[in-house]
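Residue-level listing of the chains:
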Amino acid sequence: KNQVEQSPQSLIILEGKNCTLQCNYTVSPFSNLRWYKQDTGRGPVSLTIMTFSENTKSNGRYTATLDADTKQSSLHITASQLSDSASYICVVSASGGSYIPTFGRGTSLIVHP
Amino acid sequence: DAGVTQSPTHLIKTRGQQVTLRCSPKSGHDTVSWYQQALGQGPQFIFQYYEEEERQRGNFPDRFSGHQFPNYSSELNVNALLLGDSALYLCASSLAPGAKETQYFGPGTRLLVL
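In what follows, the accompanying structure is described.

1. Section: the overall build of chain A
Point 1. Helices and strands together make up the secondary structure of chain A, namely zero helices and 11 strands.
Point 2. Of the regular secondary structure in chain A, the N- to C-terminal order runs β-β-β-β-β-β-β-β-β-β-β.
Point 3. For chain A, the C-alpha radius of gyration of 14 Å lies close to 13 Å, the compact-globule estimate for 113 residues.
Point 4. The burial tally for chain A puts 44% of its 113 residues in the buried class.
Point 5. Within chain A, residue pairs in contact and separated by at least 24 positions form 55% of the contacts whose partners lie at least 6 positions apart.
Point 6. Here chain A displays about 5500 Å² of accessible surface, and carbon together with sulfur accounts for 50% of that area.
Point 7. Charge separation in chain A, taken as the distance between the mean sites of 9 positive and 7 negative side-chain charges, equals 5 Å.

Structure below.
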């Protein structure tokens with residue numbers, strides 16, 4: 001069964017600090033992995049996408065890494081801002097005929113001033 | 001350029017009723033996917049529509065059905081509502097079907113079943 005596990009479930013940090021969120025998956029065969037940011041009451045917004053051959057991808061202060069051998073990914077947020085407070089969701093898609101993506105439960109990040 | 005829009009924003013129904021949710025995709029997008037997101041959970045894929053046909057379906061019962069119109073907008077219908085159907089229903093559109101296409105999500109419709 002395809003699964004995506006994220007940790008921690010929630011995280012509280014002070015403004016300006018860095019943090020790293022983790023994602024482990026068992027989706028096979030692997031096509032791509034995305035990180036989404038979901039603000040409260042809004043739909044998710046794509047931050048990064050990585051395929052099998054990519055091991056790092058940046059989007060401003062967000063840097064995602066992928067280790068396809070260990071089936072792990074991380075999302076590093078640098079110099080956090082209050083606006084980074086949101087849920088961060090890891091999504092893994094399988095290759096082949098089936099599109100169906102597998103979503104993690106998300107990590108809830110709160111940035112305090 | 002309007003992004004993905006959904007209506008209504010909120011809805012309250014009672015058990016056994018039927019509900020229809022609507023989605024207009026981002027301009028230029030012809031593929032629409034629907035997701036159910038329970039409180040504190042990640043979204044769960046319901047189905048995807050392309051060329052007015054259901055192309056992929058997640059693990060949801062037949063009470064969940066949909067439709068895509070020639071203008072690419074879509075509806076999600078849920079019959080015989082259960083308390084467990086209470087959730088945020090998200091619509092996402094993309095340029096084409098497939099795992100590599102970036103999906104753009106709407107703000108969602110929050111459904112409460114009493």
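2. Brief notes about the interface of chain A and chain B
Point 1. Residue-level contacts link 22 residues of chain A with 23 residues of chain B.
Point 2. Across the chain A to chain B interface the summed buried area is about 1700 Å²; carbon plus sulfur atoms make up 53%.
Point 3. For the pair chain A and chain B, the number of links is zero salt bridges.
Point 4. Looking at the side of chain A that touches chain B, the elements that each hand over two or more residues are strand S4 (30-38), strand S5 (45-51), strand S9 (86-94) and strand S10 (101-103) of chain A.

3. A short note on the pattern of salt bridges
Residue and element names in this part refer to chain A.
Point 1. In total, this model carries six salt bridges over all chains according to the counting rule given.
Point 2. Salt-bridge contacts for Glu54 lead to Lys57; the nearest nitrogen and oxygen are separated by 3.3 Å.
Point 3. Judged by its relative accessible area of 25%, Glu54 is partly exposed.
Point 4. Taking the relative accessible area as the measure of exposure, Lys57 reaches 26% and is therefore partly exposed.

4. Section: unusual backbone geometry
Point 1. With an omega of -10 degrees, the peptide bond between Ser7 of chain A and Pro8 of chain A qualifies as cis.
Point 2. In this model, Ser7 of chain B is joined to Pro8 of chain B through a cis peptide bond whose omega is -10 degrees.
Point 3. Although it is not a glycine, Lys71 of chain A adopts a positive phi angle of roughly 60 degrees.
Point 4. Relative to the assigned elements, Lys71 of chain A resides in the loop between strand S7 (62-67) and strand S8 (72-77).

5. Some details on the state of the cysteines
All names here are of chain B.
Point 1. Under the definition given, this model contains two disulfides over all chains.
Point 2. Between the sulfur of Cys23 and that of Cys91 lies a disulfide, 1.8 Å long from S to S. Across the S-S bond linking Cys23 and Cys91, the dihedral sits near -60 degrees, which makes this disulfide left-handed. Residue Cys23 is located in strand S3 (residues 19-24), and its partner Cys91 is located in strand S9 (residues 87-94); the two are separated by 68 residues in the primary sequence. The same class applies to Cys23 as to Cys91, namely buried.

6. Quick word on the sheet that holds strand S7 (residues 64-68) of chain B
Residues and elements named next belong to chain B.
Point 1. Pairing in this open sheet of four strands is antiparallel, and the strands run S1-S3-S8-S7 from one edge to the other. Of all strands in the sheet, those with a lone pairing partner are strand S1 (5-7) and S7, marking the two edges. Direction aside, neighbouring strands of the sheet carry axes that sit 20 degrees apart on average.
Point 2. Summarising the sheet, S1 and S3 pair through three bridges and their orientation is antiparallel. Each bridged residue has a counterpart across the sheet, and for Ser7 the counterpart in S3 is Arg22.

The rules we used
Residues numbered from 1 in each chain as written. Chains lettered and ligands numbered in written order. Predicted model: local features only at pLDDT ≥ 70, side-chain atom pairs only at ≥ 80, totals over all residues. Heavy atoms only, no water. Helix = DSSP H or I, 4+ residues; strand = E, 2+ residues; numbered from the N terminus. Rg over C-alpha atoms; globule rule 2.2 N^0.38 Å. Buried < 20%, exposed > 50% of the residue type's maximum accessible area, 1.4 Å probe, protein only. Contact = heavy atoms within 4.5 Å. Areas by Shrake-Rupley, 256 points an atom, 1.4 Å probe, with all protein chains shown as cover. Lys, Arg positive; Asp, Glu negative; His and termini not counted. Charge placed at Lys NZ, Arg CZ, Asp CG, Glu CD. Buried area = accessible area lost by both parts, 1.4 Å probe. Salt bridge = Lys/Arg side-chain N within 4 Å of Asp/Glu carboxyl O. Disulfide = S-S within 2.5 Å. Pairing = 2+ DSSP bridges. Axes fitted to C-alpha atoms, helices over the stretch in contact; angles between N-to-C directions.

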